[in-house]
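Fold and contact review
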Amino acid sequence: MRYHSTRGKAPVLSFEDAMLTGLARDGGLYIPETVPTLSSDQIADLAGRPYEEIAFRIMRPFVGDAFTGEEFAGIIGRAYANIGHDARAPLVQLGPNHFLLELFHGPTLAFKDFAMQLIGQLFEFSLKRRGRKVTIVGATSGDTGSAAIEAFRGLDAVDVFILYPHGRVSEVQRRQMTTPSEGNVHALAMDGHFDDCQARLKDMFNDHAFRDEVSLAGVNSINWARVLAQVVYYFSAATSLGAPHRSVSFTVPTGNFGDIFAGYIARQMGLPIDKLIVATNQNDILHRCLTTGAYIPDGVTPSISPSMDIQVSSNFERVLFDVYDRDGAAISQLMDELKGGGFKLSQGALARLSDIFVSGRASEDETKAVMKDMQKRSGEILCPHSAVGVKVANENLGKSPMITLATAHPAKFPDAVEEATGTRPPLPLWLADLYERPERITRVENDLASLETLIRERRKA
Ligand SMILES: *Cc1c(COP(=O)(O)O)cnc(C)c1O
């Protein structure tokens, strides 16, 4: 399988190289040349199988000959052994024809573990085979950083540095980043906001001498391997509820459009998905775009669902590439217009998006009301992100079973949950001592040169 950039000007790469590269050199995102499809019989045959086996069957065609079957099965087995639920991604029923897909049983209690645990193992395998090492640097508002540190801790071929805004992540998120004691992972508390962390990260990637010297690699949500890992649970959930013999719909709490784009790929592969519903919080640029066709950022307002507080939704570019008939030049032009303030979709592109996607938003009050209501009606305690999803899903219930993705465990956002429901959600037993574990924090300034010096000194090389 070969991978192309959405802007059409970067080298065409194999799965392994696209994964290790992350962002394409022309600023675009990698996407498979063709999306493999499964027959109805092949989909039916997934029902009831262990998660790892479904993962193997779904991802194998995208990976091509990068690994033998045995190697790839080993990678998947090691990745998902750390998910603290035998079903990996269990479904629970919320109401008539409405189901919650719990994606929060991984080591850092958010769905990002599904992708990050896998790419930790993929990186380790590929780099060892090539006799290479890389330095992963990431910026986080909380969930991505904790998932990355957890996935890469103790692996030989990688050093990981995560920049987070000092004093601006939740205590659970911070402790998940600062308590792992392995020498190859480093949580860096930077002065400033998330945007400052992200800006210094970009500066490092643009400093080509530094980039080459430390073999810089990225694992943010534009990495194709992360999207691919997320395709699997759409198949496991839908086949549990009767697909391919009946179609289902999904509602996805969305920020960077990565998780829901995985659903779009599942649909292209042949999974009978009726509607894919984009749920946003008050930062509703995607909802506005899907209803009006205009994509115009207007600033981020912090919310109780911080992992969706996003103004430029990076993976949206992948779906635009498709609805613009894979025309890299057209996508480059839209992205240039975005730099100048925003863009307007063509009528044709908007119509094609509207065939598949529906959207909705939840205000802060609506989100809290749903958390309270769901606790009363089903006993389910939702995290604020999942609550945004349930609110929008409730507006779109119909004949097909509705599956709402629960993206984080309520105990990851205990203050917001307690405020809405009156109940402080406890951490799972295996994480119960998180508040007692010793922390290791490095304070850093918002300054490129001193960050680069620190990374040079600390990495094992
Ligand atoms: C990252 C995240 C999201 C948003 O996912 P995208 O793939 O960026 O759309 C939603 N909820 C939680 C808890 C997250 O960590």
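Above: the structure in question.
The sections below set out a description of the structure shown in this document.

Here's the deal with the overall build of the protein
When helices and strands are counted, the protein shows 19 helices and 16 strands. Expected size for 461 residues packed as a compact globule is a radius of gyration near 23 Å; at 21 Å, the protein falls within 12% of this value. Based on the C-alpha atoms only, the size of the protein along its principal axes is roughly 60 × 50 × 50 Å. Looking at the protein residue by residue over its 461 residues, the buried ones come to 58%. Within the protein, contacts between residues at least 6 apart in sequence are counted, and of these 74% link residues at least 24 apart. With an accessible surface of roughly 17,600 Å², the protein has 48% of that area assigned to carbon and sulfur atoms. Side chains of the protein carry 48 positive and 56 negative charges; the gap between the two charge centres is 1 Å.

Topic: the site of the ligand
Lining the immediate environment of the ligand, one finds 15 residues, of which Lys112, Asp143, Gly255, Asn256 and Thr407 sit closest. In the environment of the ligand, an oxygen atom lies 2.6 Å from a nitrogen or oxygen atom belonging to the side chain of Asp143. The contact in question runs from an oxygen atom of the ligand to an N or O atom on the backbone of Asp259, over 2.9 Å. For the ligand, the protein covers 97% of the area, taking 390 Å² as the surface of the free molecule. Partitioned by chemical class, the residues of the shell around the ligand number five nonpolar, seven polar and three charged.

Considering the sheet that holds strand S9 (residues 216–217)
Here we have five strands laid out as an open sheet, ordered S9-S6-S7-S8-S16, and parallel in their pairing. Edge positions in the open sheet fall to S9 and strand S16 (442–444), since each of these has one partner strand only. Contacts between helix H6 (residues 143–152) and the sheet are confined to strand S6 (134–139), strand S7 (158–165) and strand S8 (185–190), with S7 contributing the most and set at about 160° to the helix. Together, S6, S7, S8 and S9 form the strand contacts of helix H8 (residues 194–206), whose direction differs from that of S6 by roughly 150°.

A word on the pairing of strand S10 (residues 248–253)
Of all six residues in S10, six are buried; the element is thus mostly enclosed. Of the two faces of S10, the one carrying Val248, Phe250 and Val252 and the one carrying Ser249, Thr251 and Pro253 are both buried. Direction of pairing for S10 relative to strand S15 (residues 402–406): parallel, over a ladder of three bridges. In the strand pairing of S15, Thr251 is matched with Thr404.

Side note on the nonpolar core
Counting 115 residues, the largest nonpolar core has Phe123, Phe235, Phe250 and Phe357 as the members making the most contacts within it. With sequence-adjacent residues up to four places away left out, Phe250 is seen in contact with Tyr234, Ala237, Ala238, Ile273, Lys275, Leu276, Ile277, Met402, Ile403 and Leu405. Counting 17 residues, the second-largest nonpolar core is a separate cluster that includes Leu201, Met204, Leu454 and Ile455.

Let's talk about the packing of helix H12 (residues 285–292) against helix H15 (residues 347–356)
Contact pair H12 / H15: the axes reach a minimum separation of 9 Å and the direction vectors enclose 115°. The orientation of H12 with respect to H15, classified from their angle, is roughly perpendicular. Facing Cys289, Leu290 and Thr292 of H12, the residues of H15 in contact are Leu350, Leu353 and Ser354.

Comments concerning the side chain of Glu452
Take Glu452: it is sitting in helix H19 (residues 448–458). It is Arg456 that comes nearest to the buried, bridge-free Glu452 among opposite-charge side chains, at 4.3 Å.

A few points about helix H18 (residues 414–421)
Those residues of H18 that fall on the buried side of the exposure criterion are Pro414, Ala416, Val417, Ala420 and Thr421. Buried positions in H18, seen along its axis, are confined to an arc of 165° and lie on one side of it. For H18, the exposed residues lying more than 90 degrees away from the buried face are Asp415 and Glu419. After H18 finishes, the residue Gly422 shows a positive phi value of roughly 85°.

Reading guide: rules and limits
- Residues numbered from 1 in each chain as written.
- Predicted model: local features only at pLDDT ≥ 70, side-chain atom pairs only at ≥ 80, totals over all residues.
- Heavy atoms only, no water.
- Helix = DSSP H or I, 4+ residues; strand = E, 2+ residues; numbered from the N terminus.
- Rg over C-alpha atoms; globule rule 2.2 N^0.38 Å.
- Buried < 20%, exposed > 50% of the residue type's maximum accessible area, 1.4 Å probe, protein only.
- Contact = heavy atoms within 4.5 Å.
- Areas by Shrake-Rupley, 256 points an atom, 1.4 Å probe, with all protein chains shown as cover.
- Lys, Arg positive; Asp, Glu negative; His and termini not counted.
- Charge placed at Lys NZ, Arg CZ, Asp CG, Glu CD.
- Near = heavy atom within 4 Å.
- Polar contact = N/O pair within 3.5 Å; in protein donor to acceptor, adjacent residues only side chain to side chain.
- Nonpolar A, V, L, I, M, F, W, Y, C, P; charged D, E, K, R; others polar.
- Pairing = 2+ DSSP bridges.
- Axes fitted to C-alpha atoms, helices over the stretch in contact; angles between N-to-C directions.
- Core = buried A, V, L, I, M, F, W, Y, C linked by side-chain atoms within 4.5 Å.
- Parallel < 35°, antiparallel > 145°, perpendicular 65-115°, else oblique.
- Salt bridge = Lys/Arg side-chain N within 4 Å of Asp/Glu carboxyl O.
- Arc of directions from axis to C-beta.

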